[in-house]
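Here is what each chain is made of, one letter per residue.
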Amino acid sequence: MSKTRLRLWLKLLKTSSRIEAELRRRLRDEYGTTLPRFDVLAALSRFPDGLKMSALSDLLRVSNGNVTGIVDRLTQDGHTLRVAVPGDRRAQLARLTPAGQSEFAKLAAAHETWLDALLTDLDADDVAILYDLLQKTEGTHNAQ
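Quantities reported herein were computed from a predicted structural model and do not represent experimental measurements.

Peer 1: Explain the overall build of the protein here, please?
Peer 2: Each helix and strand counted, the protein has six helices and three strands in total. Here the C-alpha radius of gyration of the protein, 18 Å, is well above what a compact globule of 144 residues would show, namely 15 Å. Based on the C-alpha atoms only, the size of the protein along its principal axes is roughly 55 × 40 × 25 Å. When burial is assessed residue by residue, the protein has 27% of its 144 residues classed as buried. Within the protein, contacts between residues separated by at least 24 positions form 52% of all contacts whose residues are at least 6 apart in sequence. Carbon together with sulfur atoms contributes 54% to the accessible area of the protein, which is approximately 10,200 Å² in total.

Peer 1: Which parts of the structure should I look at to understand the nonpolar core?
Peer 2: As a rule of thumb, nonpolar side chains are buried together in soluble globular proteins. Membership of the largest hydrophobic core comes to 23 residues, with the highest contact counts inside it found for Val-40, Leu-44, Leu-56 and Val-71. Counting only elements with at least two residues in this core, the list comes to helix H1 (2-31), helix H2 (35-45), helix H3 (53-60), helix H4 (64-76), strand S3 (88-96) and helix H5 (98-118). Take this core: its biggest share by element is seven residues, from H2.

Peer 1: Explain the side chain of Arg-26 here, please?
Peer 2: Relative to the helices and strands, Arg-26 resides in helix H1. By relative accessible area, Arg-26 is classed as buried at 17%.

Peer 1: What is the right way to read helix H6 (residues 124-135) from this model?
Peer 2: Working note: α-helix, 3.6 residues per turn, so residues spaced by three or four point in the same direction. With twelve residues, H6 extends 16 Å between its outermost C-alpha atoms, agreeing within 8% with the 16 Å of an ideal straight helix rising 1.5 Å per residue. Measuring from the backbone nitrogen of Asp-125 back to the side-chain oxygen at the start of H6 gives 3.0 Å, which picks out Asp-123 as the cap.

Peer 1: In this structure, what is going on with H4? I would like to understand it.
Peer 2: A rise of 1.5 Å per residue sets the reference length of H4, with its 13 residues, at 18 Å; its end C-alpha atoms lie 18 Å apart and thus fit the reference within 8%. Taken together, the buried positions of H4 are occupied by Val-67, Gly-69, Ile-70, Val-71 and Leu-74. Contact partners of the buried residues in H4: H2, H3, strand S2 (80-85) and S3. Where H4 ends, the next residue or the one after it, Gly-78, has phi of about 85°, a positive value.

Peer 1: Even after reading the chapter, I still don't get the sheet that holds strand S1 (residues 51-52), so can you show me in this structure?
Peer 2: Working definition: the strands of a sheet are paired by backbone hydrogen bonds and lie parallel or antiparallel to each other. Taken in spatial order, the three strands make up an open sheet running S1-S3-S2, and their pairing is antiparallel. The outermost strands of the open sheet, each flanked by one partner alone, are S1 and S2. Note: S1 against S3, two bridges, orientation antiparallel. Within the sheet, the bridge partner assigned to Lys-52 lies in S3 and is Leu-93.

Peer 1: Would you explain the environment of Ala-99 in this entry?
Peer 2: Residue position: Ala-99 is located in helix H5. A residue is classified by how much of its surface remains accessible, and Ala-99, at 40% relative accessible area, is partly exposed. With residues up to four places along the chain from it excluded, the contact list for Ala-99 reads Gly-78 and His-79.

Peer 1: Explanation requested: the packing of H2 against H3 in the structure shown.
Peer 2: Each packed pair of helices is defined by two parameters, the angle between the axes and the distance between the axes. The contact between H2 and H3 brings their axes to 11 Å, and the two run at 115°. Judged by the angle between their axes, H2 and H3 are roughly perpendicular. In the crossing of H2 with H3, the sense of the turn from one axis to the other is right-handed. Across the interface between the two elements, Asp-39, Val-40, Ala-43 and Leu-44 from H2 touch Leu-56, Leu-59 and Leu-60 from H3. Among the residues forming the contact of H2 with H3, the class breakdown is six nonpolar, no polar and one charged.

Here is what the cut-offs are and how they apply
- Residues numbered from 1 in each chain as written.
- Predicted model: local features only at pLDDT ≥ 70, side-chain atom pairs only at ≥ 80, totals over all residues.
- Heavy atoms only, no water.
- Helix = DSSP H or I, 4+ residues; strand = E, 2+ residues; numbered from the N terminus.
- Rg over C-alpha atoms; globule rule 2.2 N^0.38 Å.
- Buried < 20%, exposed > 50% of the residue type's maximum accessible area, 1.4 Å probe, protein only.
- Contact = heavy atoms within 4.5 Å.
- Areas by Shrake-Rupley, 256 points an atom, 1.4 Å probe, with all protein chains shown as cover.
- Core = buried A, V, L, I, M, F, W, Y, C linked by side-chain atoms within 4.5 Å.
- Expected span 1.5 Å × (residues − 1).
- Polar contact = N/O pair within 3.5 Å; in protein donor to acceptor, adjacent residues only side chain to side chain.
- Pairing = 2+ DSSP bridges.
- Axes fitted to C-alpha atoms, helices over the stretch in contact; angles between N-to-C directions.
- Parallel < 35°, antiparallel > 145°, perpendicular 65-115°, else oblique.
- Left-handed = near helix turned anticlockwise from the far one by under 90°.
- Nonpolar A, V, L, I, M, F, W, Y, C, P; charged D, E, K, R; others polar.

By themselves these figures say nothing about function.
Pasting the structure below:
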């Protein structure tokens, strides 16, 4: 059974990598942006009051340096701003501007359309079954 699970993992990895590469290409070619920028916009869209930079990097599972660079560029483009955290002179919150909210809405709609097209061969039942099966792996990451 372990060989079958290994083949499954490789298939999941290959499928995920293929989809991610296509999303990266489309974001670059159609919108002149990157997947990491999209990810930061998406994360900040879920937190209208903003996120500390450290919380944003934890959420996205990337280094503080990577997040800082992306937020700096998004700020230069007018999509994010930094706000001081009351009582903590060293900390800053990153927050979407109205332009950033609009940009994210446009990108998110395209992203959803692309994913729908990339997974079009899966009908609603297939999607539900696959989702449920993958949910079963959520509790296994701590298994020895």
